[in-house]
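# Examination of the molecular architecture
Here is how the chains run, residue by residue.
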Amino acid sequence: MIKLEGLTKVFKGHNIPAVKDLNLEVNEGDVCVLVGPSGCGKTTTMKMINRLYEPTGGKIYIRDEDVLQMDPIKLRLDIGYVIQEIGLFPHMTIYENIATVPNEKQWPKDQVKEKVDNVMSLVGLDPDVFKNRYPSALSGGQRQRVGVARAMVSDPSIMLMDEPFGAVDPITRARLQNEFLRIQERMDKTIVFVTHDIDEAIKMSDTIAVMKEGQLVQHATPSDLLSAPADEFVSNLVGRNRSIKRLHLIRISEILEDVDRAPAIKDDTKEEEVKKRLDESDLRTVIVVDRDNKLKGVVGVNDLKRKTGEVAGDYYQEVSDTVTDDATLNDALSVMLEIGEGYVAVVNEDEKYQGTITLGDLLNVVREES
Amino acid sequence: MLRTLWVWIGIPLIMIGIASAIVIYSVNNPPDTIVARMLTYERIFRVIREHMGLLLVSMIGATIVGVAGGIMLSRPSLYRIGRVMETLVNIGQTVPSLAVLALFYTILGLGFRVAVFALFLYSILPILRNTFAGIDGVEHSIIEAARGMGMRPLRVLTKIELPIAFPIIVAGLRTAIVINVGAATLATFIGGGGLGDLIVTGLSVHRDMIIVNGAVIAAITAILLDYLIGKAEERVVRWS
Ligand SMILES: Nc1ncnc2c1ncn2[C@@H]1O[C@H](COP(=O)(O)OP(=O)(O)O)[C@@H](O)[C@H]1O
Ligand SMILES: [Mg+2]
């Protein structure tokens, strides 16, 4: 789908090339992650693909068409682009920001409106709430959502994403990553994704291209990269705790069915029964759900002593955080550390309770994989 | 609604009212025959008309040339010249307006047109500088995002650069107007007319009342125009 051949860029006045003789092929529907330390030429490579920078050597092909012979305006209108600095237009509303490419393509107004509303919902921004706001009124995470929405609104088959989730805290980043993977599963776009974070690379990618000082060091699947790093640079990059890194590669839903744990109790369960269940539980807590299987909270032994009541609904405390079943095991680990518990409740997209993952489960996986 | 009326009609009327009150009082209560002869409604309206003429013609010219020049200098091919111009303009701004008028008098002679031309040149400076600085100050990543999404250079200019620079361009316009109203009182020295007539006449016959009338009208004109443009900008720019 995208093919780079001997791609080279020497900036005016520099004698060392920013990108040197880069050969890379990205298959249709794949996410290829460019990873490497700051200044290794990731952004430069990306900007050559949509010709913000003209290469000083080499070739770029998209669907076997020579990109350097194409009209750059037409080329860019058909490639979704998320710039590293987000680059939202401060004088335009969120709606106007996202409608940029459709407006440049002169789509009819009602079609633009429909697409913008759709894509806003897709990235988790309620159109009614955010449409008429200006970027200055948004949090970092919301701005990055807008940046992604703006890039994908016209359904480009290729997207270039330069550290799209760079400027947010780790928890928000994990959430954005999971949402994006969920979207990508359906859309199947061909994506070149830049990051300097190897964990993000492992999690997001079908293939990883490791760069160093403008050159490609290794291009492999994340699993191969972890098991067979090409040289010392790559093995330093992936780090020593490679088996823990594998937690990025496994989704919670993949191990949830193998976990054998007592089911949650309904909120109208009688106190006697709650006590019995607590005694049986290896966690000394039980999860409480409502009639629709929605997560209500958790009851521990101390809750029974401290409070009075008749049914589980009178005792439970809310949980401070949960994970969704499409998150990775590493996300589950982060949340456990964040909330300071040895377990975390798993819910699906509709907040319905799916099960519980414990530190022990994660240890078992690490042990099996290494 | 009530607030809008107050902002757009209430405050301006108060300012005009203050000026009118001073004018009406002075014309109807002249302390002596010299003031009575020199300070008439007819004369006051004439100098106001002349002053507005000087202001309007020079400002329209200066805005067109200043904005167009600022845009041109901000283009990549002229950018270096733009930076040099910015410095020159800042130096040019320190030349006193009286000196500018004197210079033009020696080159072009007397009259309304010479005064307009001098005011025009003098007012270009802040507009040109602010247009250039406003566009130059647009974050590079914003422009690159626009280009990366397939906007043509002219679209980037009209849809991104100019709107973002707009508040700074307007600030330049306001500076220019305030300077222009003040400098235009000097036009009388080269036969350009305007409110300076009253001030110079008042000075020559030693009658403070005539001077005060010229000065107050000029000051209130400057304050009012600056105020109205500022309010208009607030209405247009909702994003900052
Ligand atoms: N527009 C530019 N002009 C000159 N040098 C640049 C430009 N952009 C990037 N570089 C240089 O090219 C190298 C690679 O930069 P970049 O591609 O931004 O790295 P990365 O995105 O991997 O952090 C750096 O040494 C940087 O200083
Ligand atoms: Mg970069």
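One structure accompanies this document, and this report is about it. Everything numeric here is computed off the predicted structure, so don't read it as measured data.

### Considering the coordination of the magnesium ion (ligand 2)
- The magnesium ion (ligand 2) binds to the protein through Thr 43 of chain A (OG1) and Gln 84 of chain A (OE1); the donor distances cover 2.0 to 2.4 Å. Note that Thr 43 of chain A is positioned in helix α1 (residues 42–49) and Gln 84 of chain A in the loop between β6 (79–82) and α3 (94–98), a separation of 41 residues in sequence.

### What about the pattern of salt bridges?
All names here are of chain A.
- Throughout the structure, instances matching the rule amount to 24 salt bridges over all chains.
- Close ionic contact of Asp 117 with Lys 131 constitutes a salt bridge, the shortest N to O distance being 3.1 Å. Taken together, the residues span a long stretch of sequence, with Asp 117 in helix α5 (residues 109–122) and Lys 131 in the loop between α6 (127–130) and α7 (140–152) at a distance of 14 residues.
- What makes Lys 131 buried here is its relative accessible area of 13%.
- As a salt-bridge pair, Asp 199 and Lys 245 come within 3.8 Å of each other at their nearest N and O atoms. Pair noted here: Asp 199 is in helix α9 (residues 198–204) and Lys 245 is in helix α12 (residues 242–245), with a separation of 46 residues, a long-range link.
- Residue Asp 199 is classed as partly exposed on the basis of its relative accessible area, which comes to 25%.
- The buried category is assigned to Lys 245, whose relative accessible area is 11%.
- Three or more residues are tied together by salt bridges with common partners; here these are Lys 113, Asp 117 and Lys 131.

### Digging into the environment of Lys 9 of chain A
All names here are of chain A.
- In this structure, Lys 9 sits in strand β1 (residues 2–9).
- Judged by its relative accessible area of 11%, Lys 9 is buried.
- Once you skip the residues sitting within four places of it in the chain, Lys 9 turns out to touch Pro 17, Ala 18, Val 19, Thr 44, Met 48, Tyr 53, Glu 54, Pro 55 and Thr 56.
- Polar side-chain contacts of Lys 9 include one of 2.7 Å to the backbone oxygen of Glu 54.

### Focus: the packing of helix α6 (residues 112–136) of chain B against helix α8 (residues 153–184) of chain B
Residues and elements named next belong to chain B.
- Where α6 contacts α8, the axes come no closer than 7 Å and their chain directions differ by 155°. Taken together, the axes of α6 and α8 are roughly antiparallel relative to one another. When you trace α6 past α8, the crossing you get is right-handed.
- The residue makeup of the contact of α6 with α8, split by class, is 16 nonpolar, seven polar and one charged.

So, how was this worked out
- Residues numbered from 1 in each chain as written.
- Chains lettered and ligands numbered in written order.
- Predicted model: local features only at pLDDT ≥ 70, side-chain atom pairs only at ≥ 80, totals over all residues.
- Heavy atoms only, no water.
- Donors = N, O, S within 2.8 Å, 3.2 Å for Na, K, Ca; no water.
- Helix = DSSP H or I, 4+ residues; strand = E, 2+ residues; numbered from the N terminus.
- Salt bridge = Lys/Arg side-chain N within 4 Å of Asp/Glu carboxyl O.
- Buried < 20%, exposed > 50% of the residue type's maximum accessible area, 1.4 Å probe, protein only.
- Contact = heavy atoms within 4.5 Å.
- Polar contact = N/O pair within 3.5 Å; in protein donor to acceptor, adjacent residues only side chain to side chain.
- Axes fitted to C-alpha atoms, helices over the stretch in contact; angles between N-to-C directions.
- Parallel < 35°, antiparallel > 145°, perpendicular 65-115°, else oblique.
- Left-handed = near helix turned anticlockwise from the far one by under 90°.
- Nonpolar A, V, L, I, M, F, W, Y, C, P; charged D, E, K, R; others polar.

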